[in-house]
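Letter by letter, the chains look like this.
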Amino acid sequence: MNYIDKLYKKIEVYNKRYSNKHKKVAIKLIFWNLIQLIRFNKKYQNNTPEVANKIALYFSGGMGDILIGLNYAYYLLKYFSESNINIDIYVKNSDMVKTLDGNSIFKIYSVDHIEDKPYLLKIMLVRFPQIIEDNIIISKQRKNSKLLELTKIYKKFYSQNKRFFEYLPYMDGLTNQFSIINGKKRIQQADIGNLLKIDQDFKYKPKISHEKRILNNLNLTVGRYITINRGVDNSGNVIESTKLWSLSNYNELVKLIKQTYSDYKIVQLGASIDRCLFINNTDVNLVGETSIDSLKVLLKNSALHIDSEGGMVHLRKALDGGVSIVLFGPTSPEFYGYYDNVNIYTKACAMNCEWINETWNMHCINQLNEHVCMNTIKPLAVFEQVKQILEKNKERISQ
């Protein structure tokens, strides 16, 4: 019998015994309810599971989003280092993320199991962190000032900016602008209130292994090859994205490189053959042929990586692999670009168009001059940047 049924039964009994003594009935009901509250409290204490001294962090997206999420988790772990609070990571593609991470510092689980045990906090991270469950009050950390400060700042930010969370991914372009106004790039975007002090370099480092074996199998030498990617992550349904430079421009660029730097091998990377058109005259075509482990090795050890803004650029940066030449169009170099890369873009279009409409990455929205942002980037201009990087690389090798 539940509380309501018991209450009705008790009222019925008191009504029969004290039908004309309403004050007495009220007093007896007060005492009876106090007893019920004591019983509820004991039952609650006995049945409340112990809250793990951990935070569950859930995020999704492509390779770049995952890496930025792992970097945020690293800083969050550091923020709570004196409190002995740990971080568990929950993702949809847990096997891929485990390989990407390389068993670095986090335990990574499938998001299907996020409800299995109680955490201090469960945080969902898309662009900004959102607290989706808070069990601090029933934990041993309920007086932890850092934990309370973080929850206060995050909840306040959510209450003031709900549309950033409720209309994703359509708000991505506006969240970018919000972050730029507040002096933050994509890698720093989740650091609401600058609480974690995230800077522009990855402090999180994916573990990498079998470097010599992988390079030897491909007959590649550290610093003597160039990687090129013309494609977007497997995470979406867009193939020939507006973010991509034309195939003819890539063909011309490779031709220029090989004419002057024939001693460098050109290695084409890509998610799959149905998502990446082949570039002419590359020395090694690995489109659809690389595991995550191999991709890490190849990106870390190349003399130069050439790409549009995307996951491989973030991965090379996280691995301290050196400079990338990144071709920008619809997305913002000010927001996504790393300071130590060569970020190439023109001002031919009035502004970056990411998420101005739902098909921005499939169809150019510029009706006056279609795809002008990428079409005005010329192969010769990119090659001039390639020359500068490879000449510096030669000087470094000769020293």
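In the block above lies the structure referred to throughout.
Please read these numbers as outputs of a predicted model, since none were measured by experiment.

When you look at the overall build of the protein in this model, what are you seeing that I'm missing?
Assigned secondary structure in the protein consists of 14 helices and 11 strands. For 399 residues, the compact-globule estimate of 2.2 N^0.38 gives 21 Å, and the C-alpha radius of gyration of the protein, at 28 Å, exceeds that figure by more than 25%. Within the protein, the fraction of its 399 residues that count as buried is 48%. Restricting the contact set of the protein to residue pairs at least 6 apart, pairs at least 24 apart contribute 65%.

Just checking my understanding: could you explain the nonpolar core for this structure?
Nonpolar side chains tend toward joint burial in soluble globular proteins. Counting 68 residues, the largest nonpolar core has Ile55, Leu57, Tyr72, Ile89 and Tyr154 as the members making the most contacts within it. The element best represented in this core is helix 3 (residues 63-79), accounting for 10 residues. For Tyr72, the residues in contact, after removing those within four places along its chain, are Leu57, Ile123, Leu125, Pro129, Tyr154, Ala190, Leu196 and Ile198.

I keep staring at the pattern of salt bridges and nothing clicks. Help me out?
Where charged atoms from two side chains of opposite charge approach closely, those side chains can pair. Following the criterion strictly, the structure yields 17 salt bridges and no others. With a closest N to O distance of 3.6 Å, Lys300 and Glu211 form a salt bridge. Here Glu211 lies in helix 8 (residues 211-217) and Lys300 lies in helix 10 (residues 292-301), a separation of 89 residues in the sequence. Take Lys300: its relative accessible area is 28%, and that puts it in the partly exposed class. If you follow the salt bridges from partner to partner, you end up with Arg127, Asp172 and Glu354 in one network.

Can you help me understand helix 10 in this one?
One turn of the α-helix equals 3.6 residues, which is why residues spaced by three or four share an orientation. Extensive coverage of helix 10 is indicated by the burial of eight of its 10 residues. Every buried residue belonging to helix 10 is among Ile292, Ser294, Leu295, Lys296, Val297, Leu298, Leu299 and Asn301, and all of these are buried.

Any chance you could explain the environment of Leu390 here in plain terms?
Position of Leu390 relative to the elements: it lies in helix 14 (residues 379-398). Here Leu390 is in contact with Ile226, Tyr261, Tyr264 and Ala303, once residues within four sequence places are set aside.

Teacher, can you tell me more about a nonpolar patch on the surface here?
A contiguous nonpolar patch, built from Ile27, Ile30, Phe31, Leu34 and Leu37 and spanning about 500 Å² of accessible area, is present on the exposed surface. With respect to the element layout, Ile27 can be found in helix 2 (residues 22-47).

Would you explain helix 3 in this entry?
Taking 1.5 Å of rise per residue, 17 residues should cover 24 Å, and helix 3 covers 24 Å from first to last C-alpha, within 8% of that figure. The element helix 3 is extensively covered by neighbouring structure, given that 13 of its 17 residues are classed as buried.

Calculation criteria
Residues numbered from 1 in each chain as written. Predicted model: local features only at pLDDT ≥ 70, side-chain atom pairs only at ≥ 80, totals over all residues. Heavy atoms only, no water. Helix = DSSP H or I, 4+ residues; strand = E, 2+ residues; numbered from the N terminus. Rg over C-alpha atoms; globule rule 2.2 N^0.38 Å. Buried < 20%, exposed > 50% of the residue type's maximum accessible area, 1.4 Å probe, protein only. Contact = heavy atoms within 4.5 Å. Core = buried A, V, L, I, M, F, W, Y, C linked by side-chain atoms within 4.5 Å. Salt bridge = Lys/Arg side-chain N within 4 Å of Asp/Glu carboxyl O. Patch = residues over 30% accessible without salt bridge, like charges linked within 9 Å, V, L, I, M, F, W, Y side chains within 5 Å. Areas by Shrake-Rupley, 256 points an atom, 1.4 Å probe, with all protein chains shown as cover. Expected span 1.5 Å × (residues − 1).

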